[in-house]
Amino acid sequence: MGIPSINNLVKKNPSFWTISHFQDIGLVIDGHCLVQFLYQYSDIDVIGNYNEYAEKVEIFFKWLLNRRITPFVVFSGALNMDDKEIGIVLGKTKHRIGKPDEGMPILVKLTFINVLDKLRINYVKSDFEADRDIQQISNDLKCPVLSSNNDFFVFDVQFGYIPFDSLPIKSILTGDQKPSVEIKIYFYKNLVKKFPYLTHKMALLATALGNDIFPKNSNALQLAYHSDNFRLPECMAITSDVLETSCERRSSEPFFITTRKILYWIKRCKDVERGKKQLQYFCKEDKKEEEKLFRSIEVYTETGNYTSYNLHDLIHRSNGKGFCRPPFPFGIRKWIIEHHRMGKIPNFIINTIIHKRNILKCQLEGTHDTSSHDCSLSIREVIYALLVGTETSITEYDRKKDRLWKFSRKGIISTTGVLKDLHIPEMSSAVRIQILSSALCCSVPSDNTSGQLEQTRLFLMITAYWARVAEPSVNTNFIKSVLIGYVLFSARHKEFQPGIRIFRKLENLRSEVTKFADGRIKSYRDFIVNIVYTFAQFQSCILYTTHLNRLLQCPLENVNPAIVFNGSFLHKMYYILSENEDIIAKHLNGCDVYVWFNQMLYFLQENVCMRSAYVAEEL
């Protein structure tokens, strides 16, 4: 959700804010907003540079921890039960198809959560929309909220709301460790102190200003703004009583006059119900407009109860009665609900069970006839079989050419006997691994092939699956690029330590690849479309295999996107291999890591019939 217009009002009133030393406190963080903010602020290429993103996320949380700030991250859950937000989500998905470079790569959230796990940061997930849960848990924990969601300007967050731009983000991400930091914290109580008639009428303010549900440019609100109901007396057609600081430009004054009209109108409304009826009049019996109006009032009406379950109990790992509070529908297994709430399984799982529908995120993938997610369809079909059986249809929304299409899917599973008992917690580890192996059509690599890293097993199985089903077909140079990227970034993330001499050889290889490509490639737009599309399919395989593995309670260690996929390096490595196939041997021949690289390559060649390498122009 969001109320764009309220930003101007609160920023022009310094009395709403308090200066605070930012240390020695708890902090509830809006996880969804922080995932997006750190990616966009860091200006990371949308081609999927997860290594760079993981570094920024880790720097941010270490900065908090160094200031003795205890973070609690709360993520949003599945689509709401009433299905009323589906239109907003579909609208955003359609926009992303037209402008994929404005979105985030699909493995960003997995990368973020991996950093939380590494640093042992507490995180939980709401059943559905998280805003009210975040408000409630921050009040329970007696600490402020950190977010970029301006809904928190109208929610009664008792210990303050900190927008991201209140933090010295540039200094944080560049590692500037200042001993003393002062930030501005917004307090809801200061807003209602200045405008006491807003008490119990915040839903009217949020609705009349316009929000994601009931937008400001809607016909109803535009009619309302120009009606007699919203007309100011001539003596009040100024903004000085609304703003404590003046406008920098006269062009911005019309907004504040509209805000003044809204505040004057709310002051004269007896209650929220009376105001809702007046706004309903301007909908002119348009049922869709009325539905949006009612939904907005409902969402922003203050509630004293949790909108889902007691996050306070869960975040402290309590077994209190509030833990299993509804509103999930009857019939969903308790272990699925609990794993969802602890962030162990994705929203994809809950949306499948409740809504029988999933909206797949469009990637940066060119204009091919089919989506890159077609590559991973058989993995999703196994997930559907485990969740709803093989007879129930699941609706998927996905890109086809330049439009959003609706597809009907059914679960498929080939592992004999599994469907006799789908209670996954009671399955043996061998059966779970059998399901993964069957879904990916690949045997589990041996200890010798896996090397020092447990996650190598799943990484190789995903890579083998991708190499087998991707279209256009994957050639040897794609495989070599993925394998050497895995070795390099595993070393850079200290997942294994090959020794200083070998690490330097790896870095020298990376340096030569970068130098070679930088003169030819300025941005992702310079990459050949089929190469971008092929690597997008690899990301989709990683995503849905991770979902399946999490559903099966991780019989194999999940892969870390910061290690297995770094878009710029993979594309550049593929480019240089098309002209110099011996570059890897040139830098690494005789090293232990080169032996490991060849063992992994041999495993894939045994499991996949790959083409020999072609030059990029032939693709």
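Residues numbered from 1 in each chain as written. Predicted model: local features only at pLDDT ≥ 70, side-chain atom pairs only at ≥ 80, totals over all residues. Heavy atoms only, no water.

## Describing the confidence of the model for the chain
For the chain, the mean per-residue pLDDT works out to 87, and 88% of the residues sit at or above 70. No element of the chain has a lower mean pLDDT than helix α14 (residues 311–315), at 70, and none a higher one than strand β5 (residues 145–147), at 98. Low confidence marks residues 319–326, where pLDDT is under 50. Its contacts with residues over four positions away, or in another chain, come to 21 contacts. When the criterion is pLDDT under 50, residues 613–619 qualifies, and its contacts beyond four places in sequence or with other chains add up to 18 contacts. (pLDDT = per-residue confidence, 0-100. Helix = DSSP H or I, 4+ residues; strand = E, 2+ residues; numbered from the N terminus. Contact = heavy atoms within 4.5 Å.)

## Things to note about the pairing of strand β3 (residues 70–75)
For β3, the buried fraction is high: five of the six residues fall into the buried class. In this structure, strand β2 (residues 26–30) lies alongside β3, joined through five bridges in parallel fashion. Paired with Gly-26 across the strands is Thr-70, a residue of β3. The pairing of β3 with strand β4 (residues 122–125) spans four bridges and is classified as parallel. (Buried < 20%, exposed > 50% of the residue type's maximum accessible area, 1.4 Å probe, protein only. Pairing = 2+ DSSP bridges.)

## Some words on the nonpolar core
In this structure, Phe-60, Phe-61, Phe-112, Phe-459, Trp-466 and Met-573 are the most contacted members of the largest nonpolar core, which totals 139 residues. No other element matches the ten residues that helix α21 (residues 476–492) contributes to this core. Excluding residues within four positions of it along the chain, Trp-466 makes contact with Cys-375, Val-474, Phe-478, Ile-479, Val-482, Thr-534, Phe-535, Gln-537, Phe-538 and Cys-541. Ranked by size, the runner-up nonpolar core spans 60 residues in total, among them Phe-16, Val-154, Leu-263 and Val-272. (Core = buried A, V, L, I, M, F, W, Y, C linked by side-chain atoms within 4.5 Å.)

## Let's talk about the sheet that holds strand β9 (residues 393–400)
Taking strand neighbours across the sheet as the criterion, the three strands line up as β8-β9-β10 in an open arrangement whose pairing is mixed. The open sheet has two edge strands with one neighbour each: β8 (357–359) and β10 (403–410). Strand-to-strand, the axes of this sheet are offset by a mean angle of 25°, without reference to chain direction. In terms of strand pairing, β9 meets β10 through eight bridges, oriented antiparallel. Residue Ser-393 lies in a different strand from β10, and its bridge partner there is Lys-410. Running over the sheet, helix α17 (residues 377–388) touches β8, β9 and β10 and is turned about 155° from β9. (Axes fitted to C-alpha atoms, helices over the stretch in contact; angles between N-to-C directions.)

## Focus on the pattern of salt bridges
Per the stated rule, a full pass over the model turns up 18 salt bridges. Between Lys-118 and Glu-58 there is a salt bridge, and its shortest N-O distance comes to 3.0 Å. With Lys-118 in helix α5 (residues 108–119) and Glu-58 in helix α3 (residues 50–66), this pair connects stretches of sequence that are 60 residues apart. You can call Glu-58 buried: its relative accessible area is 15%. With a shortest N-O distance of 2.9 Å, Glu-396 and Arg-409 are connected by a salt bridge. One end of the pair, Glu-396, is in strand β9; the other, Arg-409, is in strand β10, and 13 residues separate them in sequence. Of the two residues, Glu-396 and Arg-409, both sit in the buried class. When salt bridges with common partners are traced through the structure, they connect Glu-58, Lys-62 and Lys-118 into a single cluster. (Salt bridge = Lys/Arg side-chain N within 4 Å of Asp/Glu carboxyl O.)

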